[in-house]
Amino acid sequence: MTDPARVRRHAERVRELVASVVRTQIKDPRLGMITITDARITADLRDATVFYTVLGDAAAQAGTKAALDSANGLLRSTVGKALGLRHSPTLTFVLDNVQEHAKHIDDLLAAARSADAEVQRLAANAEYAGDAQPYRAESDDDEDAADDEDPAEGAPKGAATAEAAGSGQPHSDGRPR
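One structure accompanies this document, and this report is about it. (Residues numbered from 1 in each chain as written. Predicted model: local features only at pLDDT ≥ 70, side-chain atom pairs only at ≥ 80, totals over all residues. Heavy atoms only, no water.)

Structural notes on the overall build of the protein
When its secondary structure is counted, the protein shows 6 helices and 3 strands. Going from N to C terminus, the protein has its helices and strands arranged as α-β-β-α-α-β-α-α-α. For the protein, with 177 residues in total, the buried portion stands at 20%. Within the protein, counting contacts between residues at least 6 apart in sequence, those at least 24 apart form 57% of the total. Counting only carbon and sulfur atoms, one obtains 52% of the accessible surface of the protein, whose full area is about 12700 Å². (Helix = DSSP H or I, 4+ residues; strand = E, 2+ residues; numbered from the N terminus. Buried < 20%, exposed > 50% of the residue type's maximum accessible area, 1.4 Å probe, protein only. Contact = heavy atoms within 4.5 Å. Areas by Shrake-Rupley, 256 points an atom, 1.4 Å probe, with all protein chains shown as cover.)

And the structure:
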């Protein structure tokens, strides 16, 4: 099992190497405005996935994918030599659709904002169906105060039991209190 920190370092190094080779050594005219965004490598260091974005339309994305696939051998040998591993990792290129995901999230947030505004508009004119506090009445407060007193002694109910508990008298089964 490979150390996860080592795997992360190798993944970062793969990203840097691929970006450098794409910038300096690949002269394919199909290669568009490309940015290498991330690289991930498996724990056994045999397979690497390189994520990239391309500025342009679908034709530019397809051309860049074809250029990367044709330069895969050069990129793999460069990465293998630089990492110094026994086996050069296979490189898989995946288009990272960050712009599309960001647009989708923005659309979802706009829909949520409009729904919240509609709820606020409806809530501004809303009234209670009954009383504002249907379970609370002033007469209940007076009854609660009368229930707290012991009718026989006029003292609060809990006072007599606190004195008995502190006096050290045993329970009915003989245990001390």
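Quick look at the sheet that holds strand β2 (residues 47–55)
Read from one edge to the other, the open sheet built from 3 strands follows the order β1-β2-β3, with strand pairing classed as mixed. Only two strands of the sheet have a single partner each, and these edge strands are β1 (33–41) and β3 (90–95). Between one strand axis and the next, the sheet turns through 30 degrees on average, direction left out of account. Relative to β2, β1 runs antiparallel, the two being bridged by 8 bridges. Across the sheet, M33 pairs through a bridge with L55, a residue of β2. (Pairing = 2+ DSSP bridges. Axes fitted to C-alpha atoms, helices over the stretch in contact; angles between N-to-C directions.)

Some words on the side chain of D28
Residue placement: D28 occurs in the loop between α1 (4–24) and β1. D28 gets classed as buried once you look at its relative accessible area, which sits at 18%. A polar contact of 2.8 Å, which involves the side chain of D28, links it to the side chain of R30. Residues contacting D28, with those up to four places away along its chain left out, are A67 and S70. (Polar contact = N/O pair within 3.5 Å; in protein donor to acceptor, adjacent residues only side chain to side chain.)

Digging into the environment of T42
You can see T42 is positioned in the loop between β1 and β2. Note: C-alpha distance between T42 and P89 (47 residues apart in sequence) is 9.1 Å. Apart from the residues lying within four places of it in its own chain, the contact partners of T42 are V7 and D47. Within polar-contact distance, the side chain of T42 engages the side chain of D44 at 2.5 Å.

Let's talk about the packing of α1 against helix α3 (residues 72–83)
Axis separation between α1 and α3 bottoms out at 10 Å; the angle between their running directions is 135 degrees. If you check the angle between α1 and α3, you find them oblique. Here the hand of the crossing between α1 and α3 comes out right-handed. Taken together, the residues of α3 that come into contact with α1 (itself represented by H10, R13, V14, L17, V18, V21 and V22) are L74, L75, T78, V79, A82 and L83. Tallied by class, residues from the contact of α1 with α3 come to 10 nonpolar, 2 polar and 1 charged. (Parallel < 35°, antiparallel > 145°, perpendicular 65-115°, else oblique. Left-handed = near helix turned anticlockwise from the far one by under 90°. Nonpolar A, V, L, I, M, F, W, Y, C, P; charged D, E, K, R; others polar.)

Observations concerning unusual backbone geometry
Within the chain, L45 stands out as a residue other than glycine whose phi angle is a positive 60 degrees. Mapping L45 onto the fold places it in the loop between β1 and β2.

Focus on helix α2 (residues 58–70)
The terminal C-alpha atoms of α2, which comprises 13 residues, lie 18 Å apart, in line with the 18 Å expected from a rise of 1.5 Å per residue. Considered for burial, the residues of α2 that qualify are G63, T64, A67 and L68. Taken down its axis, α2 places every buried residue within 135 degrees of arc, on the same side. Turned more than 90 degrees away from the buried face of α2, the exposed residues are A58, A59 and S70. (Expected span 1.5 Å × (residues − 1). Arc of directions from axis to C-beta.)

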